[in-house]
Amino acid sequence: MKLKPDEPPGTMEKPATQEVQDLMTARWVADMIGVAAELQLADFINAGAKTAEEIAKAKGLHATSLYRLLRGLASYGIFAEQGDGTFAQTPRSDALRKDVPHSAWGMAQLTTRPWSVRAWTELRHSIRVGTPAFEHVNGMQLFEYF
């Protein structure tokens, strides 16, 4: 594996097997991003780099678990862990702020909600019978659900 210049971990050139494995576990990364969006971490960190403990205290979260989440996100270039133990904004985490043009915040919310995730886990149903998995799982069409 070879790290490209000026790219965060998680963006390395990899063998095809590793690339496919990364795609298979992308759901986990999406879930981390969804939790960060739900907690509005990017908006909070935008005011200045903070430790996991500072964020946890302000938001009523478990500091050790939050630290693990932030480290995981930082491994994909979403937030940057500084030498002093704080986490700072990056262009990728900045995209999760609610107040930026073309923010990814809403999409992170939409794609990681249980009703959406459950539908995707039933994709097999759609392929077998030709009806939407969303209806199968939620008992109604998407727009009716909304």
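What counts, and where the lines are drawn
Residues numbered from 1 in each chain as written. Predicted model: local features only at pLDDT ≥ 70, side-chain atom pairs only at ≥ 80, totals over all residues. Heavy atoms only, no water. Phe/Tyr/Trp six-rings, centres within 6.5 Å; stacked < 30°, edge-to-face > 60°. Helix = DSSP H or I, 4+ residues; strand = E, 2+ residues; numbered from the N terminus. Buried < 20%, exposed > 50% of the residue type's maximum accessible area, 1.4 Å probe, protein only. Lys NZ or Arg CZ within 6 Å of the ring centre and 35° of its normal. Expected span 1.5 Å × (residues − 1). Contact = heavy atoms within 4.5 Å. Pairing = 2+ DSSP bridges. Axes fitted to C-alpha atoms, helices over the stretch in contact; angles between N-to-C directions. Core = buried A, V, L, I, M, F, W, Y, C linked by side-chain atoms within 4.5 Å. Salt bridge = Lys/Arg side-chain N within 4 Å of Asp/Glu carboxyl O.

J.: So what about the packing of aromatic side chains? Which residues, and what values?
T.: Taken as a whole and assessed by the stated rule, the structure comprises 7 aromatic pairs. Aromatic pair Tyr67 and Phe87: ring centres 5.9 Å apart, planes at 70°, arrangement edge-to-face. On the criterion of sequence distance, the pair formed by Tyr67 in helix H5 (residues 63-74) and Phe87 in strand E3 (residues 86-88) is long-range, its members being 20 residues apart. Summarising the aromatic geometry, the rings of Trp115 and Phe146 are spaced 5.4 Å apart at their centres and angled 85° between planes, so their arrangement reads as edge-to-face. Of this pair, Trp115 sits in helix H8 (residues 114-121) while Phe146 sits in the segment after helix H11 (142-145), placing them 31 residues apart in sequence. A relative accessible area of 15% means that Trp115 is categorised as buried. Of the aromatic side chains, those joined through ring pairs into one cluster are Trp115, Phe134, Phe143, Tyr145 and Phe146. The positively charged end of Lys50 is found above the aromatic ring belonging to Phe44, 5.1 Å away from the centroid. Lying over the aromatic face of Trp105, Lys98 brings its terminal NZ or CZ to 4.8 Å of the ring centre.

J.: Can you lay out H5 for me, pointing to particular residues and giving the numbers?
T.: For H5, built from 12 residues, the straight-helix expectation of 16 Å at 1.5 Å per residue is met to within 8% by its first-to-last C-alpha distance of 16 Å. Regarding H5, the residues found buried are Leu66, Leu69, Leu70, Gly72, Leu73 and Ala74. Against helix H2 (26-38), helix H3 (41-45), helix H4 (52-59), strand E2 (80-81) and E3 lie the buried residues of H5.

J.: Tell me what's going on with the sheet that holds E3, and back it up with residues and numbers.
T.: If you walk across this open sheet you meet the 3 strands as E1-E3-E2, and the pairing is antiparallel. Of all strands in the sheet, those with a lone pairing partner are strand E1 (50-51) and E2, marking the two edges. Two elements, E1 and E3, share 2 bridges in a ladder whose sense is antiparallel. Bridging across to E3, Lys50 finds its partner in Phe87. Of the strands in this sheet, E2 and E3 are in contact with H5, which crosses E3 at around 45°.

J.: Tell me about the side chain of Gln109, residues and numbers included.
T.: The residue Gln109 is located in helix H7 (residues 105-111) in this model. Gln109 has contacts with Gly34, Ala37 and Glu38, leaving out every residue within four places of it along the chain.

J.: Can you break down H8 residue by residue, with the values?
T.: Turning to H8, its buried residues number three or more, namely Trp115, Ser116, Val117 and Ala119. Considering only its buried residues, H8 is in contact with H2, H7, helix H9 (123-129), helix H10 (133-138) and H11.

J.: Summarise the nonpolar core; cite the residues concerned and give the values.
T.: One finds Leu41, Leu66, Leu70 and Phe79 to be the most contacted residues of the largest nonpolar core, which totals 18 residues. At the level of elements, H2, H3, H4 and H5 are the ones that each hand at least two residues to this core. In terms of residue count, H5 provides more of this core than any other element does, 5 residues in total. Ignoring anything within four residues of it in the chain, the contact list for Phe79 reads Leu41, Ala42, Ile45, Leu70, Leu73, Ala74, Phe87, Ala88, Gln89, Thr90 and Ser93.

J.: Can you break down the pattern of salt bridges residue by residue, with the values?
T.: In this structure the tally under the stated criterion is 6 salt bridges. For Arg113, the salt bridge goes to Glu38, with nearest N and O atoms at 3.5 Å. Of this pair, Arg113 sits in the loop between H7 and H8 while Glu38 sits in helix H2, and the two are 75 residues apart along the sequence. Overall, the relative accessible area of 47% leaves Glu38 in the partly exposed class. Of the charged contacts in the structure, one is a salt bridge between Glu81 and Arg71, with a shortest N-O distance of 3.0 Å. Of this pair, Glu81 sits in strand E2 while Arg71 sits in helix H5, and the two are 10 residues apart along the sequence. Residues joined in a network through salt bridges with shared partners are Asp94, Arg97 and Asp99.

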